[in-house]
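Now for the letters of each chain:
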Amino acid sequence: MAGNALALLPPKAYDLLADQPVSSKGLSESEKSNIVVSAVADTDGSNHVLSRFGDPIWDFRPYFEQSNVADGQKYIPWPGDCSQELVDDCKAVLYAWFKRGLPGSKPPVAMGICQAAIAAAIPMMRWLTALNIKGFDQVKPIHVANYVHYTKSRLTRNASSVYDSLRILDFLWVFRNDTSSPLAACPWGDSSLWRVSGLAKQIGRTETGKTPIIPPDVQAKVFNYCEEILAAAPGILNERDAGRLGFRNPALVRIRDAALYVLSITSGMRNEEAIGVEAGSWRSEVRDGVEFHWVATTEHKTGKGKVEFLIPELTVKVLDLMWRYAKPLQEKLTLEIAELECNPTHQDMTDRMVRLAKAKRDAQKLFLCTSMSGQSASTGYHVDALSNAGSKVSFRRLAKAAGTDWQLAPHQCRRTYARNIVESRMGRSSLVFLKWQFKHSSMSMTQLYASNPMQDASLFDEVLEEMTDFKVDLIESWLGEQSLSGGAGREIKKARAITLKSRTALLAETAAQVHIRATGHGWCLAQEKGCGGAGLYEATRCVGCKNGVIDESFTDIWKGIYEQQIELLSIDDAGPAVKQRAERDVQWARQVMVDLGVLLTPDTSNLNGASNE
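Predicted, not measured: the structure shown is a model, and the values here were computed from it.

**Overview of the overall build of the protein**
For the protein, the count of helices and strands is 24 helices and 13 strands. Relative to all contacts within the protein whose residues are 6 or more apart in sequence, the contacts with residues 24 or more apart total 63%. Total accessible area computed for the protein in this model is approximately 29300 Å², and 53% of it derives from carbon and sulfur atoms.

**Some remarks on the side chain of Ser 281**
Here Ser 281 lies in the loop between helix 11 (271-275) and strand 5 (282-287). Side-chain polar atoms of Ser 281 contact the backbone oxygen of Glu 278, separated by 2.7 Å.

**What about the sheet that holds strand 7 (residues 305-311)?**
Strand order across the open sheet formed by three strands is 5-6-7, with antiparallel pairing between neighbours. One side of each edge strand has no neighbouring strand; the edge strands of this open sheet are strand 5 and strand 7. On average, adjacent strands in this sheet sit at an angle of 35° to one another, irrespective of strand direction. In this structure, strand 5 lies alongside strand 6 (residues 290-299), joined through six bridges in antiparallel fashion. Its bridge partner lying in strand 6, Trp 282 is registered against Val 295.

**Describing the sheet that holds strand 11 (residues 517-518)**
In spatial order, the strands read 10-13-12-11; together these four strands make up an open sheet with antiparallel pairing. Each having just a single partner strand, strand 10 (484-485) and strand 11 make up the two edges of the open sheet. Two elements, strand 12 (residues 523-524) and strand 13 (residues 548-551), share two bridges in a ladder whose sense is antiparallel. Residue pairing for strand 13: Cys 524 is matched across the bridge by Gly 548.

**Thoughts on the confidence of the model for the protein**
In this model, the protein carries a mean pLDDT of 82, and residues with pLDDT of at least 70 account for 83%. Averaged over each element, pLDDT in the protein is lowest for helix 1 (residues 2-7) (45) and highest for helix 4 (residues 84-100) (96). Low pLDDT, under 50, characterises residues 1-7; the stretch is placed with ten contacts to residues that sit more than four places away or in other chains. In the predicted structure, residues 203-208 sits below a pLDDT of 50 and forms eight contacts with residues beyond four places in sequence or in another chain.

**Here we look at helix 9 (residues 216-241)**
With 26 residues, helix 9 should reach 38 Å at 1.5 Å per residue; the first-to-last C-alpha distance of 37 Å fits that figure. At Ala 233, helix 9 shows its maximal kink, close to 45°; a proline, Pro 234, follows between one and four residues later. The complete set of buried residues in helix 9 reads Val 218, Gln 219, Val 222, Phe 223, Tyr 225, Cys 226, Ile 229, Leu 230, Ala 233, Leu 237 and Arg 240. Positioned one or two residues after helix 9, Gly 243 has a phi angle of 85°, which is positive.

**A word on the pattern of salt bridges**
Under the criterion given, the structure shown has 26 salt bridges. With a closest N to O distance of 2.9 Å, Asp 351 and Arg 61 form a salt bridge. On the criterion of sequence distance, the pair formed by Asp 351 in helix 13 (residues 349-362) and Arg 61 in the loop between strand 3 (57-59) and strand 4 (75-77) is long-range, its members being 290 residues apart. For the salt bridge of Arg 581 with Glu 538, the shortest nitrogen-to-oxygen distance reads 3.6 Å. With Arg 581 in helix 24 (residues 576-595) and Glu 538 in the loop between helix 21 (534-537) and helix 22 (541-544), this residue pair connects regions lying 43 residues apart in the sequence. A residue is classified by how much of its surface remains accessible, and Arg 581, at 40% relative accessible area, is partly exposed. For Glu 538, a relative accessible area of 19% corresponds to the buried category. A cluster of three or more residues bridged by salt bridges with shared partners is formed by Glu 336, Arg 355, Lys 358, Asp 362 and Asp 384.

**Focus on the packing of aromatic side chains**
All chains considered together, the criterion is met by 15 aromatic pairs. Between Tyr 147 and Tyr 150 the ring centres are 5.9 Å apart and the planes differ by 35°, which places this aromatic pair in the tilted class. Here Tyr 147 pairs with Tyr 150, and both are found in helix 6 (residues 141-154), just three residues apart, close to one helical turn. Taking 6.4 Å as the distance between ring centres and 85° as the angle between the ring planes, the aromatic pair formed by Tyr 163 and Trp 194 counts as edge-to-face. Taken together, the residues span a long stretch of sequence, with Tyr 163 in helix 7 (residues 159-174) and Trp 194 in helix 8 (residues 193-196) at a distance of 31 residues. Judged by relative accessible area, Trp 194 falls into the partly exposed class, the value being 43%. Here Lys 91 stacks its cationic end above the ring of Phe 53, 5.7 Å away from the centre of that ring. Over the ring of Trp 173 we find Arg 176; its NZ or CZ atom is 3.9 Å from the centre of that ring.

**A word on the pairing of strand 1 (residues 36-41)**
The buried fraction of strand 1 is high, at six of six residues. Pairing between strand 1 and strand 2 (residues 47-52): five bridges, direction antiparallel. Looking across to strand 2, one finds that Ala 41 is bridged to Asn 47.

**Some remarks on helix 23 (residues 555-569)**
When the terminal C-alpha atoms of helix 23 are compared, their 21 Å separation across 15 residues agrees well with the 21 Å that a helix rising 1.5 Å per residue should span. Regarding helix 23, the residues found buried are Thr 555, Trp 558, Ile 561, Tyr 562 and Gln 565. Buried residues in helix 23, looked at end-on, bunch into an arc of 120°, giving them a common side. Of the residues in helix 23, the exposed ones pointing more than 90 degrees away from the buried face are Asp 556, Glu 563, Gln 564 and Glu 567.

**Re the environment of Gln 219**
Note on placement: Gln 219 falls in helix 9. Its relative accessible area of 14% is what places Gln 219 among the buried residues. C-alpha of Gln 219 to C-alpha of Ile 265: the two residues are 46 residues apart in sequence and 9.0 Å apart in space. When residues no more than four places from it in sequence are discounted, the contact partners of Gln 219 are Ile 214, Tyr 261, Thr 416 and Asn 420.

**Regarding the environment of Leu 368**
Tracing the backbone shows Leu 368 in strand 8 (residues 368-371). In sequence terms Leu 368 and Arg 256 are 112 residues apart; their C-alpha atoms lie 8.2 Å from each other. With residues up to four places along the chain from it excluded, the contact list for Leu 368 reads Arg 256, Tyr 325, Ala 326, Leu 329, Gln 330, Leu 333, Asp 362, Val 383, Asp 384, Ala 385 and Leu 386.

**Remarks on the packing of helix 10 (residues 250-267) against helix 14 (residues 388-401)**
It is at 10 Å that the axes of helix 10 and helix 14 come closest, and there the two elements cross at 95°. Overall, the two elements helix 10 and helix 14 adopt an arrangement that is roughly perpendicular. Where helix 10 abuts helix 14, its residues Val 253, Arg 256, Asp 257, Ala 258, Leu 260, Tyr 261 and Ser 264 lie against Ser 391, Ser 394, Phe 395, Arg 397 and Leu 398.

**Some points on the nonpolar core**
A general tendency of soluble globular proteins is for nonpolar side chains to be buried together. Counting residues in hydrophobic clusters, the biggest one holds 87 residues, and the most contacted among them are Ile 255, Tyr 261, Leu 366, Trp 478 and Trp 558. Among the elements that take part in this core, helix 12 (residues 313-342) stands out by supplying eleven residues, more than any other. Apart from residues no more than four positions distant in its own chain, Ile 255 is found in contact with Ile 229, Leu 230, Ala 233, Ile 236, Leu 237, Leu 321, Met 322 and Tyr 325. Val 37, Phe 60, Trp 78 and Phe 98 belong to the second-largest nonpolar core, a separate cluster that totals 57 residues.

Parameters and conventions
- Residues numbered from 1 in each chain as written.
- Predicted model: local features only at pLDDT ≥ 70, side-chain atom pairs only at ≥ 80, totals over all residues.
- Heavy atoms only, no water.
- Helix = DSSP H or I, 4+ residues; strand = E, 2+ residues; numbered from the N terminus.
- Contact = heavy atoms within 4.5 Å.
- Areas by Shrake-Rupley, 256 points an atom, 1.4 Å probe, with all protein chains shown as cover.
- Polar contact = N/O pair within 3.5 Å; in protein donor to acceptor, adjacent residues only side chain to side chain.
- Pairing = 2+ DSSP bridges.
- Axes fitted to C-alpha atoms, helices over the stretch in contact; angles between N-to-C directions.
- pLDDT = per-residue confidence, 0-100.
- Expected span 1.5 Å × (residues − 1).
- Bend = angle between axes of the 7 residues up to and from the residue.
- Buried < 20%, exposed > 50% of the residue type's maximum accessible area, 1.4 Å probe, protein only.
- Salt bridge = Lys/Arg side-chain N within 4 Å of Asp/Glu carboxyl O.
- Phe/Tyr/Trp six-rings, centres within 6.5 Å; stacked < 30°, edge-to-face > 60°.
- Lys NZ or Arg CZ within 6 Å of the ring centre and 35° of its normal.
- Arc of directions from axis to C-beta.
- Parallel < 35°, antiparallel > 145°, perpendicular 65-115°, else oblique.
- Core = buried A, V, L, I, M, F, W, Y, C linked by side-chain atoms within 4.5 Å.

Right, here's the structure in full:
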């Protein structure tokens with residue numbers, strides 16, 4: 001699939017691009033302005049220049065392989081309200097990065113150049129222009145410090161965004177020999193961008209700025225809403241096929257939006273991978289009597305290429321529905337492709353080549369939309385793959401229609417998927433998710449990965465990272481102010497009085513070393529010796545056990561255990577053995593209720609000093 005996608009890109013003018021200088025330094029203004037930044041070749045081998053160094057806009061459209069990037073994000077619109085000296089030096093360092101890469105690393109892809117220009121270079125140039133600074137040789141340490149403060153004040157919770165926004169200063173220093181007015185000193189002094197941005201503080205635990213997990217109640221509302229939309233979809237598609245609904249009808253858009261959410265939340269795909277799914281790219285197989293379902297797509301972030309994701313049967317049905325949804329849009333793309341191939345005067349040759357390649361790449365996609373991207377108003381709408389920006393709008397629309405004010409976004413689905421696996425594994429939520437997604441609750445991540453080497457390995461890394469975060473959060477909550485019960489819980493409460501030099505380091509180290517298992521009514525920390533699992537079936541054994549921790553998340557469960565034992569004591573003909581056991585268990589349950597702050601004082605008259613380990 002990755003190879004096919006590359007084949008559909010218009011060929012770069014390799015000979016022309018290879019002949020370009022790797023630096024703009026030392027060239028005359030005319031020579032520098034005429035450096036070819038981007039170009040393509042047609043089927044006859046003729047070169048067509050898209051952008052030159054001196055152009056006010058750099059066009060990288062043919063250089064993007066991702067399906068979910070809108071054409072508007074593939075240009076760099078260099079600002080006309082900043083000094084030419086600032087603009088030329090930013091152009092020079094980004095061009096050097098694009099041609100040579102940073103020391104010890106490969107050159108970036110076009111998306112990296114566009115993002116660096118739009119997120120870092122252009123905002124910084126405008127900020128300097130407001131200070132009447134015309135060249136980077138005028139930038140002093142005080143300016144850098146103020147700009148760092150300004151950037152952090154805009155991006156208060158996201159160190160990664162701060163890093164991206166300040167990165168142009170790193171390029172200006174690393175490639176200072178390519179600039180006309182170089183920085184006089186390293187912008188970070190004896191430090192580094194890694195530390196200044198705040199990323200260095202997040203080693204081992206990246207809580208600041210981390211993608212939020214969709215809350216369970218929001219997941220339930222949105223998923224139930226999507227199920228309702230998809231259940232009604234066949235009838236709506238019948239209306240469309242009968243010619244009674246247009247392509248942009250809101251009912252049809254809702255079907256696409258709902259299907260995209262279901263695919264994203266049940267597979268763990270990134271948005272670009274979900275948008276990259278093509279017709280017929282899913283399959284089913286039976287192994288050892290268990291049916292598995294896989295969907296293939298292309299992974300661009302780490303460059304792995306074709307990967308497969310495990311999906312539940314429900315999602316297979318959703319993809320089948322989307323295939324039907326997409327067919328008329330795919331047919332429109334096919335007609336446009338034929339027109340572009342047969343009518344060379346339809347557009348400018350270069351634009352025609354770029355649009356033709358884009359149409360061919362999208363021709364088999366499922367998540368399509370009608371768009372005016374790259375079109376003039378007179379041209380009207382054409383069919384495109386849904387962009388990342390369009391997906392964000394779709395998800396916000398879904399959340400609002402489902403009755404929640406959560407700011408739902410596509411990138412939240414991947415982390416939420418990983419957390420759902422962890423929550424199920426740790427017993428905080430039911431095992432329904434694992435049985436639905438992984439077919440068997442005892443299947444380990446290693447077994448799952450071994451079952452299909454074409455899976456996205458980075459998704460498993462994120463699940464393991466989420467497991468670590470879960471354990472760190474859990475242990476941190478125990479060291480806080482919440483009430484605890486159980487033998488280990490009471491010891492942890494004593495440990496709260498110990499002064500710690502680095503609580504964060506302790507949490508990270510402890511989470512890596514401690515095995516935490518859910519029992520359904522508490523947590524078990526037993527490493528080697530323990531009750532052998534008896535506490536799973538006899539909940540009150542955990543109350544006095546040195547390996548047991550019962551925190552406030554289990555309060556309702558222990559209320560239920562307490563009420564059940566009280567009810568059992570009220571039965572007259574249960575027999576003396578049952579009565580004695582119930583009297584003992586009601587006191588252990590009462591002890592937990594007291595520890596958790598639900599009852600005021602325990603009644604231990606019937607415990608008789610008996611150990612419960």
